[in-house]
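# Chain and residue survey
Residues per chain are reported as follows:
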Amino acid sequence: MSTNFLVEAKTGAKMVMEKLGLTCDRLLSHRQLACCPSHCCIPTRHGKDMLIYSNVDTVQKPLLLTGHHGEVSAMTFGNLTSPVLLCSASADYVIVWDIALCQKRTQAGRVAAGTVVGTLLGEVVHLSFCFSDERVAACSGATVHILGSKRHEMLSTLTRHSAPLTSAEFCPWNRDILVTTSEDRTFKVWDLKTETVCYQSFVLSASPLLCVLFLEENQHIITGSTDGQLWCFSLPDDHKCHLVTKMDLEMMEKRHQMQQGTLSDQTGVAEQSAPDKVKTSKPVLRMALCNSLTDTSRGHTKENSWLCIGSTDGLYVVDLATSELLTALYFKDYPNLSVTMAGSWSIAPGWDNSMLFFVSSLFTPRVVLLELRLCDLRRTPACGEGFLVFPSSPPLPESPLNAELQKKEPKHSKKKAGIKEQPLVFHSKVKSSGYTSAPRNTMFSPKTNIQKNSSPQKTKKNKGLLLKDYPADIAAPSIPCVHLSVTNKPIHCLQYSGDGKQILCGLGDSSVLLYKTSLAGNPTVYTGHDKPVISVSWSLNRQLWLSASEDQSLRIWTHGSPKPAITMVDSMFSKAIRGAQFYYLDKFLLLASGHSLYLYLYNVDTTRDNIKSYQQRSVLKLARSFTTTDTDITTLSAINDFFSYIVLVCGSDRSLQVFDMNKGIVASTLPDAHSRPVHCITQNKGSMFSTQAADSYNLFLTSAVTDGVKMWDLRTMRCVRRYENHVNRCHPCSSAISPCGRLIASGSEDNCAYIYDIRSSSYLHRLQKHSDTVLSVAFNPATPELLTGTLDGKLRLFQSSSGALLCHDTSAAVHSVPNMTV
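Computed from a prediction, not measured in an experiment: that's the story for all the values here.

Rules behind the numbers
Residues numbered from 1 in each chain as written. Predicted model: local features only at pLDDT ≥ 70, side-chain atom pairs only at ≥ 80, totals over all residues. Heavy atoms only, no water. Helix = DSSP H or I, 4+ residues; strand = E, 2+ residues; numbered from the N terminus. Buried < 20%, exposed > 50% of the residue type's maximum accessible area, 1.4 Å probe, protein only. Contact = heavy atoms within 4.5 Å. Areas by Shrake-Rupley, 256 points an atom, 1.4 Å probe, with all protein chains shown as cover. 1 Å grid on protein atoms, 1.4 Å probe; cavity = no way out; pocket = protein on both sides within 12 Å on 5 of 7 lines; lining within 4 Å. Points joined across faces, edges and corners; volume = space filled by probe spheres on them. Nonpolar A, V, L, I, M, F, W, Y, C, P; charged D, E, K, R; others polar. Polar contact = N/O pair within 3.5 Å; in protein donor to acceptor, adjacent residues only side chain to side chain. Pairing = 2+ DSSP bridges. Axes fitted to C-alpha atoms, helices over the stretch in contact; angles between N-to-C directions. Salt bridge = Lys/Arg side-chain N within 4 Å of Asp/Glu carboxyl O. Core = buried A, V, L, I, M, F, W, Y, C linked by side-chain atoms within 4.5 Å. Expected span 1.5 Å × (residues − 1). Phe/Tyr/Trp six-rings, centres within 6.5 Å; stacked < 30°, edge-to-face > 60°. Patch = residues over 30% accessible without salt bridge, like charges linked within 9 Å, V, L, I, M, F, W, Y side chains within 5 Å. pLDDT = per-residue confidence, 0-100.

### Quick look at the overall build of the protein chain
When its secondary structure is counted, the protein chain shows four helices and 60 strands. Counting the 822 residues in the protein chain, one finds 52% classified as buried. Pairs at least 24 apart in sequence give 52% of the contacts found in the protein chain among residues at least 6 apart. When the accessible surface of the protein chain is split by element, carbon and sulfur atoms take 51% of a total near 39200 Å².

### A few points about empty space enclosed by the protein
Under the counting rule described, the total for this entry stands at six cavities of 30 Å³ or more. Here the second largest cavity is characterised by a volume of approximately 120 Å³. Taken together, Val 16, Leu 315, Leu 329, Tyr 330, Phe 331, Tyr 334, Leu 337, Trp 345, Phe 357, Leu 370 and Leu 372 make up the lining of the second largest cavity. Of all the secondary structure elements, the ones that give two or more residues to the lining of the second largest cavity are β28 (324-330) and β31 (366-373). For the lining of the second largest cavity, the per-class residue count stands at 11 nonpolar, no polar and no charged.

### Focus on the environment of Thr 186
When you line up the elements, Thr 186 lands in the loop between β18 (177-182) and β19 (187-191). What makes Thr 186 buried here is its relative accessible area of 5%. Considering only alpha carbons, one finds Thr 186 and Ala 163, 23 residues apart in sequence, at a separation of 9.7 Å. Other than its neighbours up to four places away in sequence, Thr 186 contacts His 161, Thr 180, Thr 181, Ser 201, Phe 202, Val 203 and Leu 209. Here Asp 184 takes part through its side chain, which lies 2.9 Å from a polar atom of the side chain of Thr 186.

### Observations regarding the sheet that holds strand β35 (residues 512-516)
What holds strands together in a sheet is hydrogen bonding between their backbones, with the strands either parallel or antiparallel. With antiparallel pairing, the four strands of this open sheet are ordered in space as β33-β34-β35-β36. The strands lining the two open edges of the sheet, one partner per strand, are β33 (491-496) and β36 (524-526). Along the sheet, successive strands turn relative to each other by an average axial angle of 20°, direction set aside. Relative to strand β34 (residues 502-507), β33 runs antiparallel, the two sharing five bridges. When the bridges of β34 are listed, Cys 493 appears paired with Gly 506.

### Thoughts on the pattern of salt bridges
Under the criterion given, the structure shown has 25 salt bridges. For Arg 151, the salt bridge goes to Glu 153, with nearest N and O atoms at 3.3 Å. Here Glu 153 falls in the partly exposed class, since its relative accessible area comes to 28%. Two residues, Lys 575 and Asp 632, come together in a salt bridge whose shortest N-O distance is 2.6 Å. With Lys 575 in the loop between β40 (566-568) and β41 (577-583) and Asp 632 in the loop between β44 (619-627) and β45 (633-638), this pair connects stretches of sequence that are 57 residues apart. When its relative accessible area of 40% is taken as the criterion, Lys 575 is described as partly exposed. Relative accessible area serves as the criterion here: at 26%, Asp 632 is assigned to the partly exposed category.

### Some details on the nonpolar core
Ranked by internal contacts, the top residues of the largest apolar core, which has 32 residues, are Leu 65 and Leu 86. Per element, the largest residue contribution to this core is four residues, and it comes from strand β7 (residues 49-54). Those residues in contact with Leu 65, other than ones at most four positions away along the chain, are Asp 49, Met 50, Ile 52, Leu 86, Trp 97, Cys 102 and Ala 112. Ranked by size, the runner-up nonpolar core spans 23 residues in total, among them Val 16, Cys 308, Leu 315 and Val 339.

### Notes on helix α2 (residues 249-260)
Helix length check: α2, at 12 residues, gives a terminal C-alpha distance of 16 Å against a target of 16 Å (1.5 Å per residue), a fit within 8%. Between a side-chain oxygen at the N-terminus of α2 and the backbone nitrogen of Glu 250 the separation is 3.0 Å; the capping residue is Asp 248.

### Here we look at the sheet that holds β44
Reading across from one edge, β41-β42-β43-β44 is the order of the four strands in this open sheet, with antiparallel pairing throughout. Two strands close off the open sheet at either side, each with one partner strand: β41 and β44. Ignoring strand direction, the axes of neighbouring strands in this sheet form an average angle of 20°. Here strand β42 (residues 588-593) pairs with strand β43 (residues 596-603) via six bridges, running antiparallel. By the bridge assignment for β43, Leu 591 is matched with Tyr 598.

### With respect to the environment of Asp 133
Residue position: Asp 133 is located in the loop between β13 (124-129) and β14 (135-140). Taking relative accessible area as the criterion, Asp 133 reaches 4% and is therefore assigned buried. Beyond its immediate chain neighbours, meaning those up to four positions away, Asp 133 contacts Gly 78, Asn 79, Leu 80, Leu 85 and Ser 149.

### A closer look at the packing of aromatic side chains
Counted by the stated rule, this structure contains 24 aromatic pairs. With a centroid separation of 4.7 Å and 25° between ring planes, the pair formed by Phe 390 and Phe 642 is classed as stacked. Linking Phe 390 in the loop between β31 and α4 (454-466) with Phe 642 in the loop between β45 and β46 (646-651), this pair joins segments that are 252 residues apart in sequence. With a relative accessible area of 17%, Phe 642 lands in the buried category. Ring geometry for Tyr 598 against Tyr 600: centres 6.2 Å apart, planes inclined by 35°, an arrangement best described as tilted. This pair shows no difference in class: Tyr 598 is buried, exactly as Tyr 600 is.

### Let's talk about helix α1 (residues 99-107)
Between a side-chain oxygen at the N-terminus of α1 and the backbone nitrogen of Ala 100 the separation is 3.2 Å; the capping residue is Asp 98. Among the residues trailing α1, Gly 109 stands out with phi positive, at a value near 85°.

### Looking at the pairing of strand β59 (residues 794-800)
A large share of β59 lies buried, amounting to seven of its seven residues. With seven bridges joining them, strand β32 (residues 477-485) and β59 adopt antiparallel strand pairing. Across the sheet, Ser 485 pairs through a bridge with Lys 794, a residue of β59. Sheet topology places strand β58 (residues 785-790) next to β59; five bridges connect them, and they run antiparallel. Residue pairing in the sheet places Leu 787 in a bridge with Leu 797 of β59.

### Here's the deal with the environment of Ser 128
Here Ser 128 is to be found in strand β13. Under the relative-accessibility criterion, Ser 128 is labelled buried at 3%. Excluding its chain neighbours within four sequence positions, the residues that come into contact with Ser 128 are Thr 76, Arg 135, Val 136, Ala 137, Ala 168, Glu 169 and Phe 170. In terms of polar contacts, Ser 128 uses its side chain to reach the backbone carbonyl oxygen of Ala 168, at 2.6 Å.

### Observations regarding the side chain of Ser 596
Within the fold, Ser 596 resides in strand β43. Residue classification places Ser 596 among the buried positions, given a relative accessible area of 12%. What Ser 596 contacts, discounting residues up to four positions off in sequence, is Leu 591, Phe 626, Thr 627 and Ile 633.

### Some points on a nonpolar patch on the surface
On the surface, Leu 540, Leu 585 and Phe 643 cluster together to form a nonpolar patch covering roughly 230 Å² of accessible area. As for its placement among the helices and strands, Phe 643 is situated in the loop between β45 and β46.

### Some thoughts on the side chain of Ser 140
Turning to its location among the elements, Ser 140 is positioned in strand β14. By relative accessible area, Ser 140 is classed as buried at 11%. Ser 140 has contacts with Leu 121, Gly 122, Glu 123, Val 124 and His 145, leaving out every residue within four places of it along the chain.

### Considering the confidence of the model for the protein chain
Mean pLDDT over the protein chain works out to 84, with 82% of the residues at or above the 70 mark. Taken as a whole, residues 262-276 scores under 50 in pLDDT and shows eight contacts with residues more than four places along the chain or in a different chain. Confidence drops under a pLDDT of 50 for residues 379-384, and excluding neighbours within four residues, the segment shows 19 contacts in the predicted structure.

This is the structure in structure tokens:
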């Protein structure tokens, strides 16, 4: 029986084709079914025989295979398209069938026959071929048997699990590796050459593991359990697996429904009508990888890697890059389907960018073959339109960015009668008498051994360093070179100057340190705040920099001056400043406090009158203030290196907002960007030493406690990848993007810093031996270096392995410097 129909789901129109519907003579809810692109197979005649159906021509008469004396408990097709092999198992035999040869024998009037490769193995619950179809893994009890597929040959017997096995799969990139899952809630990695366990996982869940899937592109494995949990592990050459990400099918479903706006419709009404409804789990019965080609906005095709998960209530499609649910196809939304609850799944790639699903009913003896075209899958609609970090038009006439600071005209007051009080010295500056300076012991010291050519050579050398491009293909900075103990308070923020020659460190002791990039020598110390400094920022011309503190104050500093040029005190803001920076090529000051975003014009005047030194000549003017809706701003980010209208703001309600400063409005709001409020936004700003593709600047990162790091694309306002290897449970660990745009660094609470490849969710390097939680990370914009700051006030500098210099450790020396060192 074959029926085709178009159904309308709650998530939009989906083309689902039921190509084949069969009624069996017994229940197949917990049997391993077999499906490949060309055929599908079910047991028949009391489970001892099998019927092979064609997926291309479902009207064609099925092929009957006989040979088992017991009930067939597991079936699987091979991985090769020619010849198509089928392996079936019962308590008496394990038989491998060549489908093409069996069809020829049947057409010739003879009985189809297979090759017996195993006997008396017990009840086999799972079968799998290796990727060359030369070996078969048969799971029976707590033992997995490795059999040859061409003759009766027992290659090996593996027994180390403490409970019955549920699945066993061969590694596609290493033919000698096998991974097994068991009801003991662990998985094991086997070396088939030595028949030993290379890696044994810890107990992952309270529920048994059911299946395992290999991701060849990233060399990862994914395993799922009966309670809907999924774990993704890396499988390197040394077989030391580490956890890449963990997913919860139920939580992904809730986030997806909240984005769709259907959570209240599906759960709120249900809770009112059925308050005693029992909550059911979503077991991961089967997984498969599907690659879909989609058209981009520029006419190019992009391959997406999606994970198809078959569960009891339907099919779930997950984006592996972001660990987010793309869509869910529930059986209840398709009333014309023959299956309402699934007992087992078999998934195979189809033709013309489609997937085939062979599903057995959980409570009825019914089996259906479904086809889903991947081109009909629609991703979750974005919250608002996409944006570009580069402006596409000049500012509007009424734009806040057109605000200018009016210069004050000098006032010529009329002279009044009478004698005014005059200073004793009629000058703006008073020359010091020098009585407090140390006496000169040496009147004259001649300069000898002067090299006249040293200065031009040095100038030429420095010029060459300034023009040197950032190496794009060099190894990630992972070699520790400097270890410096700065203070016993946290290092909350780090930022390099644009030329990469200086670094600002905001400390928990309310001071700011200005170091040279090499961290050599004593730093310049700036004091004035009363509470920890949580934000520092360089101006584009590197002549100014600012610091913001928990004491609700902001200060703008200049080089060589111990006093700030501009001070914004706590009376100007209602709450602490959660982010501050220079914006729009140093034209504005951008800062956030409470639920308000402020845009200030400023003019720094470094001249001072010694008589009236208490007067601040610098000018500050509020250009515009913006208010978010019922949420306090936790962090912000904007690009100052070039003109950009976009300002990114995150709130305490876990939302992500995009401000269009050209129009002065909130252009888009993305609710529930993370499960916790975002504490760090990092945009891909590049540097003056590197060049990236224009589209790369539309990427940015967000970090939240317990929710890892997410990478977003501003053009679509979607999360495109997630990074979760690091540990972040309570502290605001920051993240950074390298100037070349290839690497991502993140702090962690396991006393390490992590470096990720921006294209992969697994880390490249785990920088260990930090003394405490790594709070701050920063890439040098000029050279491949990474600087980290810890909770206990330590700095560590890492360089690339191909360009590491002589390393030194100054951990024993804690800098004790005066308030101002020039």
